[in-house]
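Examination of the molecular architecture
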Amino acid sequence: MARFRVDCVLGALACGLGLVAVLLWVPADTGTGIVEKVRGSYLIGDAMAPTLAFSLLVLAGVILMIESSYKSSTATLSWNNLSYLLIALAICAVSLLMMRWAGPLATWLVGQLSGEDLSYRLLRDEVPWKYIGYLLGGTLMVSGFIFLMDKKASVYALGVGLLCSVAMIAFYDLPFDNLLLPPNGDL
C-alpha cells in the first residue's frame, strides 16, 4: 500500500479517535466542563487537559492526512520499527508503574523501618511523599527515551530527565494548592 494511503488512513483514524474522545468520552467521564465558573471566577475544569490532548491528536491527524497528499513513497514495517515500538512501550509502562507505586512503596518501607503506621492515602499531598512517584517515574520516562535515541545510557540523560521532572513539578504543582500530581488524585 502506498505511503500516502497508509498515512491518510492513519491520519483519519487519529482524527476519528480524537473526535469521539472530545465529543463523547470526555464529557461523559468528567465532572465539570473545560472551564468552570465558581463565585464569579473561572477555574480550570476537569475536561481541560483531556480535551486539549485529544484536540492535539485531531490536529496531528489532519496534518498527517495533508502531508500524505504530497508524498508518494511506500512505507514498510521492519523488525527495527517493531522493536523500537516495543521498547518505547516498555519504557512508558515501567515509568507509569514506577510513578504509580513508588510513593506507596516508599511510605510502606518507611513505616516498616520506623514502626509507624503510615498511610500513603493520608500522605499523598505532603512533601516529600507526593513527589516520589512523579519524580522517579518522570525521570525514568524522559531519560529512558533519551537512552533509546542515543542507544546508550548516560548521566547527562538522567540529569535531563530529572530536570524535566522538577520543572513539571514546579509548573504544575507549586502554583496550585488544590492540585494533586498524577497518580495521587486516584489513590
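Residues numbered from 1 in each chain as written. Predicted model: local features only at pLDDT ≥ 70, side-chain atom pairs only at ≥ 80, totals over all residues. Heavy atoms only, no water.

**Considerations on a nonpolar patch on the surface**
Residues I44, M168, F171, Y172, F176 and L179 make up a contiguous nonpolar surface patch of roughly 580 Å² in combined accessible area. For the nonpolar patch, the element with the highest residue contribution is helix α6 (residues 155-172), accounting for three residues. Of note, M168 is situated in helix α6. The class of M168 is partly exposed, set by a relative accessible area of 30%. (Patch = residues over 30% accessible without salt bridge, like charges linked within 9 Å, V, L, I, M, F, W, Y side chains within 5 Å. Areas by Shrake-Rupley, 256 points an atom, 1.4 Å probe, with all protein chains shown as cover. Salt bridge = Lys/Arg side-chain N within 4 Å of Asp/Glu carboxyl O. Helix = DSSP H or I, 4+ residues; strand = E, 2+ residues; numbered from the N terminus. Buried < 20%, exposed > 50% of the residue type's maximum accessible area, 1.4 Å probe, protein only.)

**Regarding the pattern of salt bridges**
On inspection of all chains with the given rule, the structure shows two salt bridges. Across the pair K130 and D125 runs a salt bridge whose closest N-O atoms are separated by 3.6 Å. For D125, a relative accessible area of 35% gives the class partly exposed. The network of salt bridges with shared partners includes D125, K130 and D173.

**Side note on the side chain of S95**
Along the polypeptide, S95 turns up in helix α3 (residues 79-114). Residue S95 is classed as buried on the basis of its relative accessible area, which comes to 0%. Here I91 takes part through its backbone oxygen, which lies 2.7 Å from a polar atom of the side chain of S95. Apart from the residues within four sequence positions on either side, S95 is in contact with G137, L140 and M141. (Polar contact = N/O pair within 3.5 Å; in protein donor to acceptor, adjacent residues only side chain to side chain. Contact = heavy atoms within 4.5 Å.)

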